[in-house]
Structure formats: C-alpha cells, structure tokens
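Listed below, chain by chain, are the residues.
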Amino acid sequence: MIQGTNTILTLTLVIATFSGLVLRRLRISPVLAYLVSGLIGELLGLNYNNPEFQFISFLAVNLLSFEMGVSVNLVDLKKMFRRALFIVIIEFLIVYIVISIVGLAIKLSLTQTLLLTVIGFNTSTSIAFKLGEGKLDENDFKLILSVASLEDTLAFVALGIITSGNVNIFNLLITSLSSLALGYVVSKVLINPTLQYAKSDESVILSSVASVFLFNLLSSILSLPSTLANFLLGIGTSYASTDPEKIIRYMKPLVDFTLIFFFFIAGSYLKISGFISYYILISIILVLTKLFAFSTAYWFSGVDFLRAYRTGLFMTSLSEFGIVISLTALQLGLPVTIIYNISTVLVAVSSTIASVLTSRNQIVLKTISKMYLRLRLDRFDSLVKNLGHITFKSPEILTSFLKFSILSITLTFSSIYLADLIATLSPYLALFSLSLLVLTPFLLILFILYYTRKIQNQEFRLMIQIFMWGIFLLIMINYTVLLARIIAVSPLLDIIISILISTLIAIFFYSKIYKLIEELDKLF
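Residues numbered from 1 in each chain as written. Predicted model: local features only at pLDDT ≥ 70, side-chain atom pairs only at ≥ 80, totals over all residues. Heavy atoms only, no water.

**Q** Tell me what's going on with the packing of aromatic side chains, and back it up with residues and numbers.
**A** Aromatic ring pairs are defined here through the distance separating the ring centres and the angle between the ring planes. Summed over all chains, the structure comprises 26 aromatic pairs. When the centroid spacing of 6.3 Å and the interplanar angle of 25° are considered together, the rings of Tyr510 and Tyr514 count as stacked. Remark: Tyr514 and Tyr510 occur in helix α23 (residues 510-523); sequence separation between them is four residues, near one turn of the helix. By relative accessible area, which is 35% here, Tyr510 ends up partly exposed. Take Tyr514: its relative accessible area is 18%, and that puts it in the buried class. The rings of Phe404, Phe447, Tyr450, Tyr451, Tyr510 and Tyr514 are connected pair by pair, giving a single aromatic cluster. (Phe/Tyr/Trp six-rings, centres within 6.5 Å; stacked < 30°, edge-to-face > 60°. Helix = DSSP H or I, 4+ residues; strand = E, 2+ residues; numbered from the N terminus. Buried < 20%, exposed > 50% of the residue type's maximum accessible area, 1.4 Å probe, protein only.)

**Q** Mind laying out the environment of Ile28, listing which residues take part and the relevant values?
**A** Within the secondary structure, Ile28 is located in the loop between α1 (5-25) and α2 (31-43). Sequence separation between Ile28 and Ala348 is 320 residues, and the spatial gap between their C-alpha atoms is 5.7 Å. Apart from the residues lying within four places of it in its own chain, the contact partners of Ile28 are Leu23, Ala348, Ser351 and Thr352. (Contact = heavy atoms within 4.5 Å.)

**Q** Can you explain the pattern of salt bridges? Please cite residues and give values.
**A** Tallying each qualifying case throughout the model produces seven salt bridges. Here the residues in one salt-bridge network are Asp76, Glu138 and Lys142, joined through shared partners. (Salt bridge = Lys/Arg side-chain N within 4 Å of Asp/Glu carboxyl O.)

**Q** Got a sec to walk through empty space enclosed by the protein? Specific residues and values, please.
**A** According to the stated counting rule, one finds two cavities of 30 Å³ or more in the structure shown. Considered as a void within the structure, the second largest cavity measures approximately 30 Å³ in volume. In terms of lining residues, the second largest cavity is bounded by Asn73, Asp76, Lys142, Leu145, Ser146 and Ser149. Considering each element in turn, the lining of the second largest cavity owes the most residues, four residues, to helix α8 (residues 138-164). (1 Å grid on protein atoms, 1.4 Å probe; cavity = no way out; pocket = protein on both sides within 12 Å on 5 of 7 lines; lining within 4 Å. Points joined across faces, edges and corners; volume = space filled by probe spheres on them.)

**Q** Mind laying out the nonpolar core, listing which residues take part and the relevant values?
**A** Among the nonpolar cores identified, the biggest contains 158 residues, and Ile144 and Phe321 are the most heavily contacted of them. The residues contacting Ile144, other than those within four sequence positions of it, are Ala128, Leu136, Phe294, Thr311, Phe314 and Met315. (Core = buried A, V, L, I, M, F, W, Y, C linked by side-chain atoms within 4.5 Å.)

**Q** Tell me about the side chain of Thr344, and please be specific about residues and values.
**A** Inspection of the secondary structure assignment puts Thr344 in helix α16 (residues 337-359). From its side chain, Thr344 meets the backbone oxygen of Asn341 in a polar contact 2.6 Å long. With near-sequence residues (within four places) excluded, Thr344 lies in contact with Leu32, Leu35, Leu270 and Ile323. (Polar contact = N/O pair within 3.5 Å; in protein donor to acceptor, adjacent residues only side chain to side chain.)

**Q** Help me get a handle on helix α10 (residues 201-222), residues and values and all.
**A** Taking 1.5 Å per residue, 22 residues should reach 32 Å; α10 reaches 31 Å between its end C-alpha atoms and fits that length. Within α10 the residues assigned to the buried category are Val204, Ser207, Ser208, Val209, Ser211, Val212, Leu214, Phe215, Leu218, Ser219 and Leu222. Ser223, located one to two residues past α10, shows a positive phi value of around 55°. (Expected span 1.5 Å × (residues − 1).)

**Q** Describe the side chain of Glu91, with residues and values.
**A** Within the fold, Glu91 resides in helix α5 (residues 81-106). Taking relative accessible area as the criterion, Glu91 reaches 0% and is therefore assigned buried.

Here you go:
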C-alpha cells in the first residue's frame, strides 16, 4: 500500500491527467477517466470523507449549478418558451415510455425509471453550444439552447425533490420564484459592479463565489436545495448581467477544477463488473431515444422533418449533471446503484456518439433522408407543419390576473426572505432587516401603480385595478400579522429608526425602486 495522502493524491492526479488525455484524443469525455482515477485513488487508500474533499465537492456542485443557470438565455427562452416547453414535454414522454419498456426487461422500479428518464433526456448545454455554434441555423441554435435550459430546470427540480423528500409543490414554487428574483437583485449589487468597474478575472470570480455562498445560506433559510437555489441565482445573474458569457468564461477554470475532485469522489462509488457492455448497450439505446424524441417533438412543433432531425443530432450529448443527480440519490440511501453506473457510462457514450454524428451530419442526414422517402413521410410533412403552427392565445385579462398574482406574491416573499437573510448574516444588520419589512407595503403599492400604467385595454382597466387592490388587501392581512409579531419583540427606538430609514429610501431611491420593479416584471 502506498503511504501518505499527498503521495496517493499526486498519483491519482497523474493517472487522471494521462487517461483524460487519451480519452480526449479518442473524442470521448474525460469524465470517465476522472471517475476511474477516483476509484483507483480509493483503492490505494485515499479518504474522500475528509472535510477538504467534502468542501471541494460542495463547491463543485454549487458552482456547476450557478454556471448552468448563467448559461440560460432568458430573453431567447421567453420568445421560444411555448415551442421549447412543447418539445420538452413530448421528448420526456417518449424517453419515459422507452425507459419503462427497457425497465420491464431489466426490472427497474418506478423510482429508478423516473430517475433514468430525467438523466436520459437532459442534454449537456455546454456541449450542445460547442457542437452547434456556427453549424446550425440561428433559430435552430437558439432553440436547442432554450430546450436544454428547460431540461436543466426539470433536472434541478428532480434533484430538489430527491434531496427534500416530501415536497410541498406550492412552497417549492414560491421559494423558487423568490430565489430567482433575489438572484437578480444579488447579481445587480454584488456581481455587476465587478464586471463594470473592477474589470479583473479574480474580482468577478470572487463576487460569483460569494454570491454562491450567500445563496447556500439562503437555501437553508428557505429549506430549498442549494443546487436549485444556485441555479436560480445563475438565471437571475444571466438576466441582470450585461455580459453573462464573461462570467462563464472567468468561472469555467474554477468550476472544471473542482469538478475533477467531485468526479474523484463519485468514482469511489463505481462498481466495476462484467456488466459494462450491458451498461454501454443501455446508454446507446438512451442516446438514440433522445435523438428520436427531440427530433420528433421538434418536427411536431411545425418544422420540416429533415431540419428537425438534423437539429436533433446536436442534442445527443447528455449532461454530466446526471452523475450528480444519481450520486445524490445513492448517497441518500436510495437503491439506485444500477442507475448511477449507467449514468457514468452514459456521459462517455453520448459525448462520443454526439461527436461522430455532428462531424458527419451530412452523411447521417442522407441516410435519414432515404428513410424519410422510403417511409413516405413527406405525405405527413405539410399536415404536421400546419398543425404545428396552430397557436392558442390566452385572454389578456386572465394573463394580467395571473401575472400580477405571481409577481405580487413573489415580491412580498422575496422581501421577507431577504430580510431574514440580512438578519442571519449579522445581528447588527437587524435594523436594516426591519426597515425592509416596513418598506414592503410601499413596494407593493408602487407595483400596483406601475402595473396600472401598463394596462393597454381600457375595457378591463377598472376590473384589473379592483382585482389588484383586492390581492393587495389579502396579502396585507397576513403580512400585517407577521409584521405585528416582529414589532412586538422589537425595541421602540428600532421601530422608529426603521420607519425613518424606509421612508428615506422610498423618497430618495424612488426612481431606482421603480426601475427594479420594471426589470423584475420583464424577468417574469
């Protein structure tokens, strides 16, 4: 046995370096090399349970979550949301049906089937970006990134459900929307200034890492998984930032470095057996299913069959986040060893297949074209395109009611959670926390005034105004009870000072607060 942690770690890193290089030369994801190297490290005596490894693992997962959130282009996603959502739903159903059939053959439980479905349909956004950039039509390129972003969101929700056990969907929705709004605010206050004024790599990295730690603290307050909270922080940052690509570029070396150690730890859970060929076969089935599911769903959304399948070739690289999901489930004691083993092989297999298919996409497309003509699918193409262009527009009044309700509740809870976070950071900030709570009713009134000016349809203007003030009164009834409890235990001087502070903020920062409300409205 080799003695000394440093010696073993050095050897593990050397093995990972050379094996990763070999796999890269073969156009295979180096993640598999890191996993196997981690397993070798454990066999040599490396202890992954020590605090240093656990801290790096925590940092890796949360920084990855943040990076995936920053990569979401919310502007493009909002423009293509309906089509992207339709594609995600259809492809999820197709992948679930295929995995259910495979699951019957290999005796998977319902939990294992659902977990493998989430892993098997979640595209690697970063690889899809690299493969599709400059090769796809601009609209197709934006669509695959929008679809990949929605897939990531579903994957994070699945991870949240796994780590939280019994989940209150309403509570999860409220805390998620509040985290998204607070992510925007934190980015404006903490990350954006470093982009605009510091203009140095380390300042942007430091502000981003600080924000991630801040949201880890917030996640404990909200009982929200830290990965989901940091993903939402990333989305808020993407929208608030003038240059999200710069944040991703600066953060990537740190994220990749910490992920190597995370994969070392993940590798210690690997069970090498004679079933490797069996896992490869399942992985190939999953990749081909993903190709068929996305391409068919895109075709059904109203585009040409061949265009849909050509675009689908760039969505076949499945995300390494599947390893994070399956490993988390495994660490929580769920019987998902087989799913974890499949997910590790799937990353390598899918990246290899994606590389081959996209580099030879013209040859593959010719083969698909021959099948298209042989099966006479051209007869259905025009019908599918016509059906795909049918749109359903929701009534304006219903949209206004729904959006105002969501935004007003989000604004109220965001203020409460932010006040709680400020008080948690330091008892000396309790006065500012109380001031924010006192300021919240003013924010809601200002939001109502802003929303009233937005209403274009004069016919429903009065009705919408009555509805908005009704919602305001309902919120204030419950909010007043909360505020009364806080005031009851607060010193009188603190209450007076907090009222003065909130009044001064409302007077001197009125225009900035109004601008913030306007931006939050656009965010949603």
